[in-house]
Amino acid sequence: MDDRTGKILRDNLSDDNYAKLMRLANPKLHRLVADAVELCRPASVFVASDAPEDIRYIRSKAVEAAEEKPLVTPGHTCHFDGPNDQGRDKEVTKYLLKPGLDLGKHINATDREKGLAEVRGYLKDSMAGRQMIVRFFCLGPTRSVFAISGVQMTDSFYVAHSEDLLYRPGYEQFKALGDSQEYLCVLHSAGRLVDGVSADVDNKRIYIDLDDEVVYSVNTQYAGNTVGFKKLSLRLAIRKADREGWLSEHMLLVGIRGPRGRVTYFTGAFPSGCGKTSTAMLPGETIVGDDLAYLRKIDGEVRAVNVESGIFGIIRDVNPKDDPVIYAALTSPGEVVFSNVLVKDGKPHWEGSGRNLPDEGVNYSGPWRRGKKDSAGKDLPPAHWNARYTLRLAGLPNLDPHLHDPDGVAVGGVIYGGRDSDTWVPVQQSFDWTHGVITLGASLESETTLATLGQAGVRAFQPMSNLDFVSIPLGRYVKNHLDFAADLKKPPLIFAANYYLKGKDGKYLNGMTDKHVWVKWMEQRVHDELAAAKTPTGGIPLYHDLKRLFREVLDKDYTPDQYSSQFTLRVVENLSKLDRIEKIWRTEVADTPEVLLTVLAEQRRRLEDTRRKLGDYIPPSEFAPA
Ligand code: OXD
Ligand code: MN
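Residues numbered from 1 in each chain as written. Chains lettered and ligands numbered in written order. Predicted model: local features only at pLDDT ≥ 70, side-chain atom pairs only at ≥ 80, totals over all residues. Heavy atoms only, no water.

## Structural notes on the coordination of the manganese ion (ligand 2)
Coordination of the manganese ion (ligand 2) by the protein involves Lys231 (NZ), His250 (NE2) and Asp291 (OD), with metal-donor separations of 2.2 Å. As a motif over one chain, the donors of the manganese ion (ligand 2) read K-x18-H-x40-D. Remark: Asp291 occurs in the loop between strand 17 (286-289) and strand 18 (293-298) and Lys231 occurs in helix 9 (residues 228-244); sequence separation between them is 60 residues. The same class applies to Lys231 and to Asp291, which are both buried. (Donors = N, O, S within 2.8 Å, 3.2 Å for Na, K, Ca; no water. Helix = DSSP H or I, 4+ residues; strand = E, 2+ residues; numbered from the N terminus. Buried < 20%, exposed > 50% of the residue type's maximum accessible area, 1.4 Å probe, protein only.)

## Quick notes on the site of ligand 1
Taken together, the neighbourhood of ligand 1 is formed by Arg88, Lys231, His250, Ser272, Asp291, Phe312 and Arg388. Arg88 places a side-chain nitrogen or oxygen 2.9 Å from an oxygen atom of ligand 1. For the shell around ligand 1, a count of residues per class yields one nonpolar, two polar and four charged. (Near = heavy atom within 4 Å. Polar contact = N/O pair within 3.5 Å; in protein donor to acceptor, adjacent residues only side chain to side chain. Nonpolar A, V, L, I, M, F, W, Y, C, P; charged D, E, K, R; others polar.)

## Some details on the domain arrangement of the protein chain
You'll often see interface size given as the accessible area lost when the parts meet. Domains assigned within the protein chain are domain 1 (3-245), domain 2 (248-311 + 401-622) and domain 3 (341-383). Of note, the centres of domain 1 and domain 3, computed from C-alpha atoms alone, are 31 Å apart. With seven residues of domain 1 at the interface, the matching set in domain 3 holds nine residues. Interface area lost by domain 1 to domain 3 is led by Leu71, Val72 and Phe80, which between them contribute 63%. On the surface where domain 1 and domain 3 come into contact, there are zero salt bridges. For the interface between domain 1 and domain 3, the tally reads one residue pair in polar contact (both at pLDDT 80 or more). (Domains from an automatic or database assignment. Contact = heavy atoms within 4.5 Å. Buried area = accessible area lost by both parts, 1.4 Å probe. Salt bridge = Lys/Arg side-chain N within 4 Å of Asp/Glu carboxyl O.)

Right under this line is the structure:
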């Protein structure tokens, strides 16, 4: 350690905390902590090991500092973010790039020197009077080829506590790997607080320095902007995966039970707020993860792990009928942090819970009663659309036994899905890996939700549901997917799901629980047990298979009319979608792989030929089993 670093650390850390840091023999880490101390000037520094007393300390400080308020159910607390800090802020989330580097139009970036000066300017003295917490985590199972270490420095006990629920402890791993590891680093300050809430949200910045692999986040508390190992390190992991030949994805990981006790694993990429967690939590199935997955090829198979070990989920519409397992976890004693819900008499409330909402209480806007308006004069909802819960996977009755398996689980299928009211059928399977990556993954669109700030309900390009986090040129990102499994004897099958298709009357054509039938169909397709009808865009289920599955899975009748309206091929909408997607890949992305345009052109030709023969809207009965 150089003299200057040593002096800063000795002057600012108590003996105990200094010793904990020094046990990690990594000079770069010591410099990073010293730099953060010098920049942010905290009153003290707490270095957290994996010891239960350190974790308990953080949990109790989150309450003592009033960042979380205890609720009546033991273990439950509630945190509020400010009214303008209720979702990921894409506008102010940027990559810092050296001159000459360009990630293309779809990726938000700024000049490195300028950006560093700006964000470090906001971080200067930001922790005055507060404690800086230094925490270590392991992304992916420990002692695994998938594992990546991470260190977070933050002045928010809420952030540090949430991370404890969401990630595997990493101090011991960090110690074991010492100087022989690459790791990710996040520096966060909530900035000036008024009533426990970040006050300077206009100066919110989330900047990702691709050079030093450091993420800076300031003047915000919303976990999507501050819990560094969620979306912030996803961006750095995508670069690492690109260098090393694996994939870092915005994907759930779920085990689906098939006939004769078989379990088949699926990854699923859905944009935020589009059914990802509820797919991972389907009753009777097993959850490995609900948000982030690393995928590697091992011994000729695609294997995947959950980067995390907890859930930061959208609470809206969690009710005993649609999400029984989560609902039970949210209403029983146990460690849960609620955020931006309505609190009345120490109990959390949210929309779509199946219970009546009270007419008054406290929410992110302060005391609330029905009819309260926001600054634009609009009715303030009781709980925010993006209100959340944070909990550990451990303890959930449906937890998959392989969550911490160092080899991960073998992936049988990949699902892409967005919020699409008018184009894709509820479920379809691509013809092969390349066709799936291009026409399903790279062609994904989704209507925006309030998981990010801005207008909801606008159709947006969302390749692999990962556009917000891609940190390499987009063409290269897709090429990595094309190359990844194309050389495997049996690559995972690729499917698309659309839970949000509407009929002519504007009503959803499916119930929330129908997704369970689609994944059961996929499971049997992976094992070649069911036929599919071949349409110009992919394979779709046959009526009699769905009729059986609706009865078996949901104990529901499924009529030929339902099948026909849900699985009618909407040629007009599919062609318009191709126009939009082709235009983007042709004109807005500089390094689009040639094969992507060829495969889209083939899809167009198939759609146009079929349209000439069968018209604009083609019922599924017109398509023969392949
Ligand atoms: C999330 C998100 O919180 O994608 O998972 O916003
Ligand atoms: Mn997500």
